[in-house]
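Understanding the architecture of this molecule
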Amino acid sequence: MTRKLDIDEPDEIIAAAGRATAAAAAVTGRAGTTIAGLTPQGTARCELDTALLGVLHWVKTGCTTAVTSDSRGSSAAHHFIVQAAHALTTTDNHGRTVVRRTHDQA
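Residues numbered from 1 in each chain as written. Predicted model: local features only at pLDDT ≥ 70, side-chain atom pairs only at ≥ 80, totals over all residues. Heavy atoms only, no water.

Note that T28 resides in helix α1 (residues 10-36). Not counting residues up to four positions away in its chain, the partners in contact with T28 are V67, D70 and S71. (Helix = DSSP H or I, 4+ residues; strand = E, 2+ residues; numbered from the N terminus. Contact = heavy atoms within 4.5 Å.)

Here's what the structure looks like:
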């Protein structure tokens, strides 16, 4: 489904950020389920099996770390966007006409 991006109001910005965060959470959730499902069949019967189980553990650990990091990153980005949108609303409500970055002021 394609959505037209409309971000000219703070509430629309927050809603768009929420949709993006929800999509990221869905992907990381599916990735986490897939990683958890990586289980060997049977038990190690030789040194090669044991070595391969070590590699599987390494892969699962690395992938789990990446999924967790991505999840935290998307949550942090969403939090930042919500705070920025609220700051714009507050500025607007207080009658300011322009929000400037510090280095833009002359």
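An ideal rise of 1.5 Å per residue puts 69 Å on 47 residues; helix α2 (residues 47-93) measures up with 69 Å between its terminal C-alpha atoms. Along α2, the residues classified as buried are V67, S74, V82 and A85. Next to the buried residues of α2 lie α1. Within two residues after α2, G95 carries a phi angle of roughly 85°, on the positive side. (Expected span 1.5 Å × (residues − 1). Buried < 20%, exposed > 50% of the residue type's maximum accessible area, 1.4 Å probe, protein only.)

In contact at an axis separation of 10 Å, α1 and α2 are set at 170° when each is read in the N-to-C sense. The pairing of α1 with α2 is recorded here as roughly antiparallel in orientation. The residue inventory of the contact of α1 with α2, partitioned by class, reads 13 nonpolar, nine polar and two charged. (Axes fitted to C-alpha atoms, helices over the stretch in contact; angles between N-to-C directions. Parallel < 35°, antiparallel > 145°, perpendicular 65-115°, else oblique. Nonpolar A, V, L, I, M, F, W, Y, C, P; charged D, E, K, R; others polar.)

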